[in-house]
Amino acid sequence: MLYLIVIILILAVDRISKLLIASNMHPGESVPLIHGVINLSYTKNTGAAFSLFAKHTQLLAVFSAVVIVLVAVFLIRQLKKNPGRKWFLVSMAFIIAGAAGNLYDRAIYGYVVDFFDLQFVSFAIFNVADCFITVGAVLFCLCILFDKKIKL
């Protein structure tokens, strides 16, 4: 139940952030959030990370749906095998929520709303869902590498 609540909260934050950007900015508009560090730059991304597979939104939507189902099934199985491994389980909830947030955009709009634009390094513009996918994946890997009590 805790992990479902985590997923719902992340989805809510992701949706609200994207709605705020889309309703208060025009595509291509950019405003400094922290000068020289990060801008809010509204972009409509039809691809995946770094705009890979741009214009293949339907394929990416199917891939996202498959990932969500696979990770959800894995999470459900791991709830029984590793009930005390909270960070390991949370990592999967993060990945599910992030993938679901971007899947929603692709299914409803045909693109993903991205807006975090790092200024101090050349990097892709990203969103809240992308942050949780990345943090979830890193956390998952760290748990696998360093928590010897995890049973796969």
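Right above here is the structure, for reference.
Computed from a prediction, not measured in an experiment: that's the story for all the values here.

Chemist: Residues and numbers for the environment of phenylalanine 146, please.
Modeler: Position of phenylalanine 146 relative to the elements: it lies in helix α4 (residues 128-146). Here phenylalanine 146 falls in the exposed class, since its relative accessible area comes to 64%. The spacing of phenylalanine 146 and lysine 86 is 60 residues in sequence and 14 Å in space, taken between C-alpha atoms.

Chemist: Residue-level account of the packing of helix α3 (residues 86-109) against α4, with values.
Modeler: Packing of α3 against α4 brings their axes to within 7 Å, and their N-to-C directions diverge by 155°. As summarised for this structure, α3 and α4 are arranged roughly antiparallel, according to the angle between their axes. Handedness of the α3/α4 crossing: left-handed. Across from Trp87, Phe88, Ser91, Met92, Phe94, Ile95, Gly98, Ala99, Gly101 and Asn102 in α3, the residues of α4 making contact are Ala129, Asp130, Phe132, Ile133, Val135, Gly136, Ala137, Leu139, Phe140, Cys143 and Ile144.

Calculation notes
- Residues numbered from 1 in each chain as written.
- Predicted model: local features only at pLDDT ≥ 70, side-chain atom pairs only at ≥ 80, totals over all residues.
- Heavy atoms only, no water.
- Helix = DSSP H or I, 4+ residues; strand = E, 2+ residues; numbered from the N terminus.
- Buried < 20%, exposed > 50% of the residue type's maximum accessible area, 1.4 Å probe, protein only.
- Axes fitted to C-alpha atoms, helices over the stretch in contact; angles between N-to-C directions.
- Parallel < 35°, antiparallel > 145°, perpendicular 65-115°, else oblique.
- Left-handed = near helix turned anticlockwise from the far one by under 90°.
- Contact = heavy atoms within 4.5 Å.

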